[in-house]
Structures are given as C-alpha cells and as structure tokens.
Amino acid sequence: MSTIFITGTSTGLGRAAVELFSARGWRVIATMRAPEKETELGDLPGVTLKRLDVTDPDAIVRVVAETLAEEPVDVLFNNAGYGLAGPFEAATDEQIVQNITTNLLGVMRVTKEFIPHFRERGAGVILTTTSIGGKVTMPFNSVYHAAKFGAEGWSEGLAYELAPFGIRVKTLAPGGIRTDFGGRSLDQTAHPDYLEALIRATSRFRDPSRDSTRSSAEQVAQAAFDAVTDGSEQITYVVGQDAQEYMGMREQLGQSGFVSASTRLFFG
C-alpha cells in the first residue's frame, strides 16, 4: 500500500485529494492547522490526521520526523496555500511575508525534510500545487504570482538535482476551482487610488459565466492522482479549460501580447 503526505487538507482541493487517495486504497497522512475541528476525514479508510502549520519551521521538522518514524512515505503533496489580491502598494509587510511563507517557503521547508527519506529509498514523488498563476499573470495578484512563479521555478530546478536518485518533482497548475478559495482562502488589500480598476477586475474574476470553464475540486484531485501515478518525467500539469486557454494565449501571443490581451479582458 502506497502512502501520501498532504498539506492543506481541511477544505477544497486538499480535502478532495484525501477522499480520492483513500478511495483508491492509499494510506493518507492528512495535515491541517486545526485537525480537532475535522469530523469526517479521520473516519475514512487509511487516513491519519496530523496538525501542521506550514509557516512554522519547527512544526514541519517535528511532524515530518514523527511521520517517517511511523511509516515510509511514497508521495509528498504540497497543497497548503492561499491567495493575496489587491494593489501591491497597499499590501502590508506582514501580508507579503505571510503569503510567500505559506505558498513558497513552507513548500520548500516541508520538501527539504522529505528529500533524505526519498533519496535513501531511491524513489519518491514531490507534487506541489502551484496555480495557472505560476505560469501566467493577472491584475492585482502580484505577490501571489511571486510565490507561485517561485514554486514553479524551484520545482523545475529541483527536478534536475533529484532525478538521479529516482525522485520525480512535479507541479499541479490548476485554473479556477469551484470552491470557496475566493473567500476563505483569499486575503485582500485595498487602496482608494486603485478602487475603480480593482472593481472592474474583480467583477471579471467573479463573473458567474466563468464557472463553466473552471474545474471542480474533484477533477483537480484526479489530475493530482494521475500526476503522481503516471510514472512519467513530466513536470507541470496544467489543469482545467480556463488554465489551458490562458497558457495557449500566453504561448501564442508572447509576454507583451498576453499582457495587452489581459488588460483588455479585465479592464476593456
């Protein structure tokens, strides 16, 4: 039986991934900041809940060591993360540090604790949820893009180092997911001089008609399962119709063309 360690499992994609991997017969170490509030996942076959805040370096070291002392792990799925939207000028230092710590440094720190284990076993998969926002940009998401572009670049660079040890490094880059990410998992900044532009961009982001191209959490969880079990050397998996469309536009138009097209899309 294979074992997967997943961060950020209380809701959304992380929760759907726990349910899917459990249903496929995997052992699942499901981590979250407040496992005492969870009433369902712990009852699923093969699921163990653990407390982990990926912004706490000491907790990362402790929880990973505790887990590996109990059983070997085959897959690490770095999924914890949240958005930060709004004018960069209005972002506090605390908001910037917290977002990058969660979305990038937390990923790096958790992964670092697993690498010796995978290297000694000569096998392992490291999958990180980035976002289509780690491949293309959109207005009023600059800090989030910094973290997610960073996670994409770090993952690709790390793949070179770990391939000789039989360790595959992969990223999952979904587009919009029909969860409450835009509420529960979104921090926002505000500044009066950007208000009109922010309202226009936000109305486009929240346009209900865009739901038809977004993915469900279950669909993205299936993509995660496929990524860690396909045995390929593929690094990035762009998931969802909207994400595929954004990537296609970026590849076709190039950087300047894409920014111009996005400006018209969000503000035109």
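Please refer to the structure placed before this passage.
Residues numbered from 1 in each chain as written. Predicted model: local features only at pLDDT ≥ 70, side-chain atom pairs only at ≥ 80, totals over all residues. Heavy atoms only, no water.

> Requested: an account of the overall build of the chain, with residues and values cited.
Within the chain, the regular secondary structure consists of 7 helices and 9 strands. Radius of gyration (C-alpha) of the chain: 18 Å, near the 18 Å computed for a compact globule of 268 residues. Dimensions along the principal axes, computed over C-alpha positions, put the chain at roughly 55 × 40 × 35 Å. Sorting the 268 residues of the chain into buried and exposed places 49% on the buried side. (Helix = DSSP H or I, 4+ residues; strand = E, 2+ residues; numbered from the N terminus. Rg over C-alpha atoms; globule rule 2.2 N^0.38 Å. Buried < 20%, exposed > 50% of the residue type's maximum accessible area, 1.4 Å probe, protein only.)

> How would you sum up the packing of helix H3 (residues 93–121) against helix H4 (residues 142–162)? Please name residues and give values.
Taken N-terminus to C-terminus, the directions of H3 and H4 make an angle of 15°; their axes are 8 Å apart at the nearest point. Accordingly, the angle class assigned to the pair H3 and H4 is roughly parallel. Two packed elements cross with a definite hand, and for H3 against H4 that hand is right-handed. Contacts between H3 and H4 involve Ile-96, Asn-99, Ile-100, Asn-103, Leu-104, Val-107, Met-108, Thr-111 and Ile-115 on the former and, on the latter, Val-143, Tyr-144, Ala-147, Lys-148, Gly-150, Ala-151, Trp-154, Leu-158 and Leu-162. Grouping the constituent residues of the contact of H3 with H4 by class yields 13 nonpolar, 4 polar and 1 charged. (Axes fitted to C-alpha atoms, helices over the stretch in contact; angles between N-to-C directions. Parallel < 35°, antiparallel > 145°, perpendicular 65-115°, else oblique. Left-handed = near helix turned anticlockwise from the far one by under 90°. Contact = heavy atoms within 4.5 Å. Nonpolar A, V, L, I, M, F, W, Y, C, P; charged D, E, K, R; others polar.)

> Could you give an account of the sheet that holds strand E2 (residues 27–32), with specific residues and numbers?
One open sheet holds the 7 strands; their spatial order is E3-E2-E1-E4-E6-E7-E9, and the pairing between them is parallel. On the outer flanks of this sheet lie strand E3 (47–51) and strand E9 (236–239), each paired with one strand and no other. Sheet twist, expressed as the average angle between the axes of neighbouring strands with direction ignored, equals 20°. Bridge count between strand E7 (residues 167–174) and E9: 4 bridges; the pairing is parallel. The residue bridging Ala-173 from the neighbouring strand is Val-238, located in E9. Each of strand E6 (124–129), E7 and E9 is contacted by H4, which is oriented at about 160° to E7, the strand it contacts most. Contacts between helix H7 (residues 241–267) and the sheet are confined to E7 and E9, with E9 contributing the most and set at about 115° to the helix. (Pairing = 2+ DSSP bridges.)

> Pulling in residues and values, what's your account of the nonpolar core?
With 29 residues, the main nonpolar core has Ile-4, Phe-21, Trp-26, Val-28, Phe-77 and Leu-172 as its most contacted residues. Of all the elements in the fold, those that place two or more residues in this core are strand E1 (3–6), helix H1 (12–23), E2, strand E4 (75–78), E6, helix H6 (217–229) and E9. Considering each element in turn, this core owes the most residues, 8 residues, to H6. Judged by nonpolar contacts, the second largest core, of 23 residues, contains Val-63, Ala-80, Val-107 and Ile-126. (Core = buried A, V, L, I, M, F, W, Y, C linked by side-chain atoms within 4.5 Å.)

> Now, about the side chain of His-191: what can you tell me, with residues and values included?
Mapped onto the secondary structure, His-191 falls in the loop between strand E8 (186–188) and helix H5 (195–205). Only 3.1 Å separates the side chain of His-191 from the backbone nitrogen of Asp-193, close enough to count as a polar contact. Leaving out residues up to four positions away in the same chain, His-191 has contacts with Pro-87, Glu-89 and Ala-90. (Polar contact = N/O pair within 3.5 Å; in protein donor to acceptor, adjacent residues only side chain to side chain.)

> Mind laying out the packing of aromatic side chains, listing which residues take part and the relevant values?
In total, this model carries 7 aromatic pairs according to the counting rule given. When the ring of Phe-21 is compared with that of Phe-225, the centres are 5.1 Å apart and the planes differ by 55°; the resulting orientation is tilted. Highlighted residues: Phe-21 in helix H1 and Phe-225 in helix H6, separated in sequence by 204 residues. The exposure classification of Phe-21 matches that of Phe-225, with both residues buried. Residues Phe-140 and Phe-267 carry aromatic rings whose centres are separated by 6.3 Å and whose planes lie at 90° to one another, so their mutual orientation is edge-to-face. Taken together, the positions of Phe-140 in the loop between E6 and H4 and Phe-267 in helix H7 put the pair 127 residues apart, joining distant regions of the chain. Seen from the ring of Phe-225, Arg-24 lies directly overhead, with NZ or CZ sitting 4.6 Å from the centre. (Phe/Tyr/Trp six-rings, centres within 6.5 Å; stacked < 30°, edge-to-face > 60°. Lys NZ or Arg CZ within 6 Å of the ring centre and 35° of its normal.)

> Explain the packing of helix H2 (residues 57–70) against H3 to me, and be specific about the residues and the numbers.
How two helices pack is summed up by the angle between their axes together with the distance between the axes. Packing of H2 against H3 leaves a shortest axis separation of 10 Å and a crossing angle of 30°. For the element pair H2 / H3, the angle class is roughly parallel. Handedness of the crossing formed by H2 with H3: right-handed. Taken together, the residues of H3 that come into contact with H2 (itself represented by Pro-57, Ile-60, Val-61, Val-64 and Leu-68) are Gly-106, Arg-109, Val-110, Glu-113, Phe-114 and His-117. A per-class count over the contact of H2 with H3 returns 7 nonpolar, 2 polar and 2 charged.

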